[in-house]
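If you want the building blocks of each chain, they are given just below.
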Amino acid sequence: MTRLIFLGPPGAGKGTQAKNLAEFLYIPHISTGDILRQAIQDQTNLGMQAQSFMDKGELVPDKLVEDMVEERLKQPDAQTGWILDGFPRKVTQAKFLGELLINLREGGEKVINLDAPDAVVINRLLGRGRKDDTEEVIRRRLEIYRDETAPLINYYSDRQQLLTVNGNQSQEEVFSDLKNIIAA
Ligand SMILES: Nc1ncnc2c1ncn2[C@@H]1O[C@H](COP(=O)(O)OP(=O)(O)OP(=O)(O)O)[C@@H](O)[C@H]1O
Ligand SMILES: Nc1ncnc2c1ncn2[C@@H]1O[C@H](COP(=O)(O)O)[C@@H](O)[C@H]1O
């Protein structure tokens with residue numbers, strides 16, 4: 001059973017690689033950013049609550065994303081494994097996930113730290129051009145990554161769950177490294 005968490009700065013290539021790896025492994029790619037963007041598009045209650053945070057590059061309140069992830073991980077297609085992309089993003093969310101997985105009797109999840117330098121990710125994000133890919137919002141997302149999300153590297157490393165992959169390579173090279181590291 002493969003359960004993977006993708007960690008890394010915005011623009012490291014988490015979404016790109018998680019999608020491909022999930023297809024390769026026949027497990028769902030669960031991206032909290034994608035679920036939230038869909039909720040905004042569908043104008044659901046969740047979407048309306050999340051939008052102002054996302055537009056500014058701020059994190060959406062824990063309770064909203066935690067409920068969303070819990071509901072998603074309980075779906076039938078997530079019973080044979082999953083790749084989580086964009087969650088957890090802070091230590092409180094990691095603790096929530098740890099407890100949820102104990103309650104669901106799931107475990108053995110590995111965390112892939114996909115890393116790339118700031119200059120590289122900024123360049124990629126400006127080229128991607130999502131609504132929150134403006135210079136100002138990218139700067140804020142990187143700040144939040146450094147302050148809130150990067151501490152998860154030590155959190156999972158201390159728990160012997162962390163694997164690191166260099167995201168500053170071609171997509172093919174990253175994919176190949178990912179396949180090797182999860183097979184090892
Ligand atoms: N190895 C790579 N080399 C060059 N460009 C890449 C690479 N991987 C992804 N990209 C491009 O960089 C941009 C960001 O990639 P992606 O959306 O996968 O990043 P992300 O880590 O999921 O970002 P975010 O956390 O902001 O959603 C996309 O336009 C993607 O096509
Ligand atoms: N785990 C999360 N906690 C809080 N906010 C989140 C989380 N995942 C996504 N978000 C919000 O969505 C945007 C875009 O996320 P991407 O992973 O870059 O697609 C992010 O800036 C948060 O506002």
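Since the model is a prediction, treat every value here as computed from it, not as a measurement.

The rules behind these values
Residues numbered from 1 in each chain as written. Chains lettered and ligands numbered in written order. Predicted model: local features only at pLDDT ≥ 70, side-chain atom pairs only at ≥ 80, totals over all residues. Heavy atoms only, no water. Buried < 20%, exposed > 50% of the residue type's maximum accessible area, 1.4 Å probe, protein only. Helix = DSSP H or I, 4+ residues; strand = E, 2+ residues; numbered from the N terminus. Arc of directions from axis to C-beta. Contact = heavy atoms within 4.5 Å. Pairing = 2+ DSSP bridges. Axes fitted to C-alpha atoms, helices over the stretch in contact; angles between N-to-C directions. UniProt positions renumbered as here; feature names shortened; annotations may be inferred. Polar contact = N/O pair within 3.5 Å; in protein donor to acceptor, adjacent residues only side chain to side chain.

Peer 1: Give a description of helix α8 (residues 151-158) that names residues and reports values.
Peer 2: Within the span of α8, buried status applies to L152, Y155 and Y156. All buried residues of α8 project into a common sector of 85° when viewed along the axis, lining one side. Residues N154 and D158 are exposed on α8 and point more than 90 degrees away from its buried face. On its buried face, α8 sits against β1 (2-7), α5 (91-103), β4 (110-115), α7 (135-149) and β5 (162-166). Where α8 terminates, the next one or two residues include Q160, which has phi positive at roughly 60°.

Peer 1: Please set out the sheet that holds strand β3 (residues 81-85) residue by residue, giving values where relevant.
Peer 2: Across the sheet, five strands lie side by side as β2-β3-β1-β4-β5; this open sheet has parallel pairing. Two strands lie at the open edges of the sheet, namely β2 (29-31) and β5, each paired on one side alone. Within this sheet the neighbouring strands show an average axis-to-axis angle of 25°, counted without direction. Pairing between β4 and β5: five bridges, direction parallel.

Peer 1: Please set out the UniProt feature "binding site: AMP" (unreviewed entry) in the protein chain residue by residue, giving values where relevant.
Peer 2: UniProt marks T32, R37, E58, L59, V60, G86, F87, P88, R89, Q93, R130 and R141 with the feature "binding site: AMP" (unreviewed entry), using the numbering shown here. In terms of the greatest pairwise C-alpha distance, the residues named above, spread along 110 residues, do not form a single cluster, extending to 24.8 Å across. Turning to its location among the elements, R37 is positioned in helix α2 (residues 32-41). Discounting chain neighbours no more than four positions away, the residues touching R37 are S31, M54 and R130. A polar contact is formed between the side chain of R37 and the side chain of D34, at a distance of 2.9 Å. Its location among the elements puts F87 in the loop between β3 and α5. Judged by relative accessible area, F87 falls into the buried class, the value being 1%. Discounting residues that sit within four places of it in the chain, F87 has contacts with I5, T32, V65, E66, V69, Q93, F96 and L97.

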